[in-house]
2 protein chains.
Amino acid sequence: MSGQYIEDLIKIIAKFPSLGTRSARRIVLYLLKKKETQIPQLIKALQDVYDNIKVCEICGNYDTQTPCSICSSTTRENNLLCVVQDISDLWALERGGLYKGKYHILGGVLSAIEGVTPEDLNMEKLIQRIDTEEITEIILALPATVDGQITMHYISSMLKDKGIKVSTLSQGIPVGGELDYMDDGTIKLALDLRKQI
Amino acid sequence: MSGQYIEDLIKIIAKFPSLGTRSARRIVLYLLKKKETQIPQLIKALQDVYDNIKVCEICGNYDTQTPCSICSSTTRENNLLCVVQDISDLWALERGGLYKGKYHILGGVLSAIEGVTPEDLNMEKLIQRIDTEEITEIILALPATVDGQITMHYISSMLKDKGIKVSTLSQGIPVGGELDYMDDGTIKLALDLRKQI
């Protein structure tokens, strides 16, 4: 093949999530086709991210400053805290622009199979924030999986004596969802949680 | 969201072939998770490719040298030339390691719809090579599409008076292919080209 350099780059890109060797090869060829513009542009963007992005010391978000722009915002509600699994979930909520409180990123969920314990998650900082910040409600926006449910249960039992309102996202048929395409679990849940109109 | 730098990087990665914004976001989060090791490693690999990879002046292959290691090889057959659409096809043939001749990369195929004419392809250089090198057979390993067929026809008619053997790859059912999964065109072709055993 054409030199070790191309092979090395393919190997690195093939490890990206949802990619493999075949798609990595296509990406490297795409980069090489307009080498003079594409590669320096990508290197610059990577370098900018490397030099400027920090992890927020309060919530765990990525930003150019710490505390991040959400944590240091004066216009967001200080008493509402949304606990999410990962930064991608924070991004998803921010894209909607409907949530005006603050966030706390756990960095995962408890998992017996993968051996994730409370110590592996950003849990201690959460308790600390609840004790020091003026939080009145916690929204547990964790995934609707068994591990997510267990983590929500763990957190809510941990907060039982703190006098804080704890809520979770509603579950059921998504907007635009067709019954035909829903799994049995979702249909059962949507029936159990049905609402009178 | 968390600063313009992350957004910029997501935008660049989202343009990669077969990726979109959602997968680009996942890749950027993956890179940020182990930022200190992953990003410098990727930047270095990109810089190495940028600094070292050249386009071979003879066949159009990518290599650290020009003429490339295939063109300048003394052990490969000089009289056999395989014409391929793109470098990915050269890579595919090289992975098998079964072909021992040289290559010529066209950079595409003729296309009336996309307006690709012979001038847009690496065609002139091909004629020049046939006239100057000691080539006795040309294998047209172009895609089995209408455009690929037209390009093969164009090249073979161009070479009619040169006294060179022109061949194409055989067509039919791939190894391990099940009839049930084949399209009608392939089945018709495989029937038409059936071989007596």
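Thresholds, definitions, all that
- Residues numbered from 1 in each chain as written.
- Chains lettered and ligands numbered in written order.
- Predicted model: local features only at pLDDT ≥ 70, side-chain atom pairs only at ≥ 80, totals over all residues.
- Heavy atoms only, no water.
- pLDDT = per-residue confidence, 0-100.
- Helix = DSSP H or I, 4+ residues; strand = E, 2+ residues; numbered from the N terminus.
- Contact = heavy atoms within 4.5 Å.
- Buried area = accessible area lost by both parts, 1.4 Å probe.
- Salt bridge = Lys/Arg side-chain N within 4 Å of Asp/Glu carboxyl O.
- Polar contact = N/O pair within 3.5 Å; in protein donor to acceptor, adjacent residues only side chain to side chain.
- Buried < 20%, exposed > 50% of the residue type's maximum accessible area, 1.4 Å probe, protein only.
- Pairing = 2+ DSSP bridges.
- Right-handed = clockwise from strand over helix to strand, strands pointing away.
- Axes fitted to C-alpha atoms, helices over the stretch in contact; angles between N-to-C directions.
- Parallel < 35°, antiparallel > 145°, perpendicular 65-115°, else oblique.
- Left-handed = near helix turned anticlockwise from the far one by under 90°.
- Lys, Arg positive; Asp, Glu negative; His and termini not counted.
- Core = buried A, V, L, I, M, F, W, Y, C linked by side-chain atoms within 4.5 Å.

Undergrad: What's the story with the confidence of the model for chain A in this structure? I'm lost.
TA: Regions with low pLDDT carry predicted coordinates that are not meant to be interpreted in detail. Residue and element names in this part refer to chain A. With 99% of its residues at a pLDDT of at least 70, chain A reaches an overall mean of 90. Ranking the elements of chain A by mean pLDDT puts helix α7 (residues 184–192) last, at 85, and strand β4 (residues 102–105) first, at 95. Both scores are given for the predicted complex: the pTM is 0.81, the ipTM 0.82.

Undergrad: What's the story with the interface of chain A and chain B in this structure? I'm lost.
TA: For an interface, size is often stated in terms of accessible area lost upon the parts coming together. Each partner contributes to the interface: chain A provides 47 residues, whereas chain B provides 47 residues. Broken down residue by residue, the surface that chain A buries against chain B is led by Tyr-5, Tyr-50 and Trp-91 of chain A, which jointly contribute 15%. Inspection of the chain A/chain B interface yields 2 salt bridges. Across the chain A-chain B interface, the total number found is 10 residue pairs in polar contact (both at pLDDT 80 or more). In terms of residue count, the dominant contributor to the side of chain A that touches chain B is helix α3 (residues 35–52) of chain A (14 residues).

Undergrad: Even after reading the chapter, I still don't get the pairing of strand β3 (residues 80–84) of chain A, so can you show me in this structure?
TA: Consecutive side chains of a regular strand alternate in pointing toward one face of the sheet and then the other. Residue and element names in this part refer to chain A. Within β3, 5 of the 5 residues are buried, which leaves it mostly tucked inside the rest of the structure. Burial along β3 is two-sided: Leu-80, Cys-82 and Val-84 facing one way and Leu-81 and Val-83 facing the other are all buried. Relative to β4, β3 is paired through 4 bridges, and the arrangement is parallel. Across the sheet, residue Val-83 finds its bridge partner in β4, namely His-104. Each parallel crossover has a hand, and for β3 linked through helix α4 (residues 87–96) to β4 it is right-handed.

Undergrad: Just to check I follow, could you spell out the sheet that holds β3 of chain A for this structure?
TA: Strands pair in a sheet through their backbones, by hydrogen bonds, and they do so in one of two ways: parallel or antiparallel. Residues and elements named next belong to chain A. The 4 strands are arranged β4-β3-β5-β6 in an open sheet whose pairing can be described as parallel. Two strands bound the open sheet, and with one partner strand each, they are β4 and β6 (165–168). Adjacent strand axes in the sheet meet at a mean angle of 25°, parallel and antiparallel pairs treated alike. Relative to strand β5 (residues 137–141), β3 runs parallel, the two sharing 5 bridges.

Undergrad: Looking at this structure, I do not really get the side chain of His-104 of chain B. What am I missing?
TA: Residues and elements named next belong to chain B. Along the chain, His-104 turns up in strand β4 (residues 102–105). A polar side-chain atom of His-104 sits 3.0 Å from a polar atom in the side chain of Arg-129. In contact with His-104, not counting residues within four places along its chain, are Ile-58, Cys-59, Leu-81, Cys-82, Val-83, Val-84, Asn-122, Lys-125, Leu-126 and Arg-129.

Undergrad: Explanation requested: the packing of helix α1 (residues 3–14) of chain A against helix α2 (residues 21–33) of chain A in the structure shown.
TA: The angle between the axes and the distance between the axes are what describe a pair of packed helices. Residue and element names in this part refer to chain A. Remark: α1 packs on α2, axes separated minimally by 8 Å, with the N-to-C direction vectors making an angle of 125°. Compared by their axis directions, α1 and α2 come out oblique. As for the relative orientation of α1 and α2, their crossing is right-handed in sense. Across the interface between the two elements, Ile-6, Leu-9, Ile-10, Ile-13 and Ala-14 of α1 pack against Thr-21, Ala-24, Arg-25, Ile-27, Val-28 and Leu-32 of α2.

Undergrad: Explain unusual backbone geometry to me, please; I cannot follow it from the model alone.
TA: A negative phi angle characterises most non-glycine residues, just as the trans form characterises most peptide bonds. Residue and element names in this part refer to chain A. At the junction of Thr-66 and Pro-67, the peptide bond is cis and its omega measures out at 0° in the coordinates. One can find Pro-67 in the loop between β2 (62–63) and β3. A positive phi is found at Ser-18, a non-glycine position, where the angle reads about 70°. Tracing the chain through its elements places Ser-18 in the loop between α1 and α2. The class of Ser-18 is exposed, set by a relative accessible area of 52%.

Undergrad: When you look at the side chain of Lys-35 of chain B in this model, what are you seeing that I'm missing?
TA: If you trace the backbone, Lys-35 of chain B turns up in helix α3 (residues 35–52). Among buried charged residues, Lys-35 of chain B stands out as having no salt bridge; its nearest opposite-charge side chain is Glu-36 of chain B, 4.1 Å away. Side-chain polar atoms of Lys-35 of chain B contact the backbone oxygen of Tyr-50 of chain A, separated by 3.1 Å. When residues no more than four places from it in sequence are discounted, the contact partners of Lys-35 of chain B are Val-49, Tyr-50 and Ile-53 of chain A together with Pro-40 of chain B.

Undergrad: Please explain the nonpolar core as it appears in this structure.
TA: Among soluble globular proteins, nonpolar side chains are generally buried collectively. Ile-13, Leu-42 and Leu-46 of chain A together with Ile-13, Leu-42 and Leu-46 of chain B are the most contacted members of the largest nonpolar core, which has 76 residues in total. Discounting chain neighbours no more than four positions away, the residues touching Ile-13 of chain B are Leu-42 of chain A together with Leu-19, Ala-24, Ile-27 and Val-28 of chain B. Grouped together as the second largest cluster of nonpolar side chains are 18 residues, Leu-81, Ile-130, Leu-140 and Leu-142 of chain B included.

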